[in-house]
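Structural characterization, general
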Amino acid sequence: ALFCVCLAAPSASGAEPKDPLLRAYTSGPGEQRDLLRECDRRLRAIRFKALSSSGEQDWGADEDVRWLLAHRIPAVLAMEQELQRGATGRHLGALLYLTQRLGHRRLTRELPALLSRAGTDEDRFQLLHVLAELRSDEALKALGAFLRGAESWTSERLVCEAARGLSLTGDERYLPLIRAAG
């Protein structure tokens, strides 16, 4: 039995990604691995720029952002992992900019989890704003859950943004929740 456990341990350790697309890039031809590594390098550069800048950043003009947008599939794979690690402040803003521009479901489905882990009202606002603009099923569920969980001390700005996102749908089933938020 010990022998079987030892044989099974390497495969259970997570060395090989379960996701077929990620596995294709991590264990595929050298060119694909190099693209994925370059995406990671450029995301680190963006993180550094975001954390070291003192003002607003024009991410649309950033060379690293433009490169990532031009290499969609490996960029989505690298961004997915970056979103799962989490981000704050300007770094979060950069990731949200890329997420919106890439528009891939693998990225947008990570946003509700980021909202629940956001540490500041500014980060929560950025996420609520993007979720409001997305209006996907996951985004609407996250906005509704945010409003249902809002307390009297929850920032009015956040409540208004979540309510705005639900109201953009024009769906009357959200009306009681929006009224209750008022």
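Notes on the structure in this doc start here. (Residues numbered from 1 in each chain as written. Predicted model: local features only at pLDDT ≥ 70, side-chain atom pairs only at ≥ 80, totals over all residues. Heavy atoms only, no water.)

Some words on the overall build of the protein chain
As a reminder, the rule being used: Helix numbering and strand numbering both begin at the N terminus, where a helix is a DSSP run of H or I of at least 4 residues and a strand a DSSP run of E of at least 2. Here the term buried applies to any residue with accessible area under 20% of the maximum for its type, exposed to any over 50%, and partly exposed to those in between, with areas from a 1.4 Å probe on protein chains only. Where accessible areas are quoted, they stem from the Shrake-Rupley method and a 1.4 Å probe; at the residue level, only the protein chains shown are allowed to cover.
Along its length, the protein chain carries 12 helices and zero strands. Going from N to C terminus, the protein chain has its helices and strands arranged as α-α-α-α-α-α-α-α-α-α-α-α. Projected onto its principal axes, the C-alpha coordinates of the protein chain cover approximately 60 × 50 × 25 Å. Here the protein chain holds 182 residues, and the buried ones make up 38% of them. Surface accessibility of the protein chain: about 10300 Å² in total, with carbon and sulfur atoms responsible for 53%.

A look at the nonpolar core
Stated formally: Working definition of a nonpolar core: buried Ala, Val, Leu, Ile, Met, Phe, Trp, Tyr and Cys residues. They are joined through side-chain atoms within 4.5 Å. Any two residues having at least one pair of non-hydrogen atoms within 4.5 Å are treated as being in contact.
One finds L68, M79, L127 and L143 to be the most contacted residues of the largest nonpolar core, which totals 48 residues. Residue contacts for L68: discarding those within four places in its chain leaves C39, R42, L43, I46, A75, L98 and L102.

Description of unusual backbone geometry
Keep in mind that most residues, glycine aside, have a negative phi and that most peptide bonds are trans. Unlike most non-glycine residues, R135 shows phi in positive territory, near 55°. Positionally, R135 belongs in the loop between α9 (121–134) and α10 (137–149).

Let's talk about the side chain of R42
Take R42: it is sitting in helix α3 (residues 30–52). With residues near it in sequence (within four places) discarded, R42 still touches E63, D64, W67 and L68.

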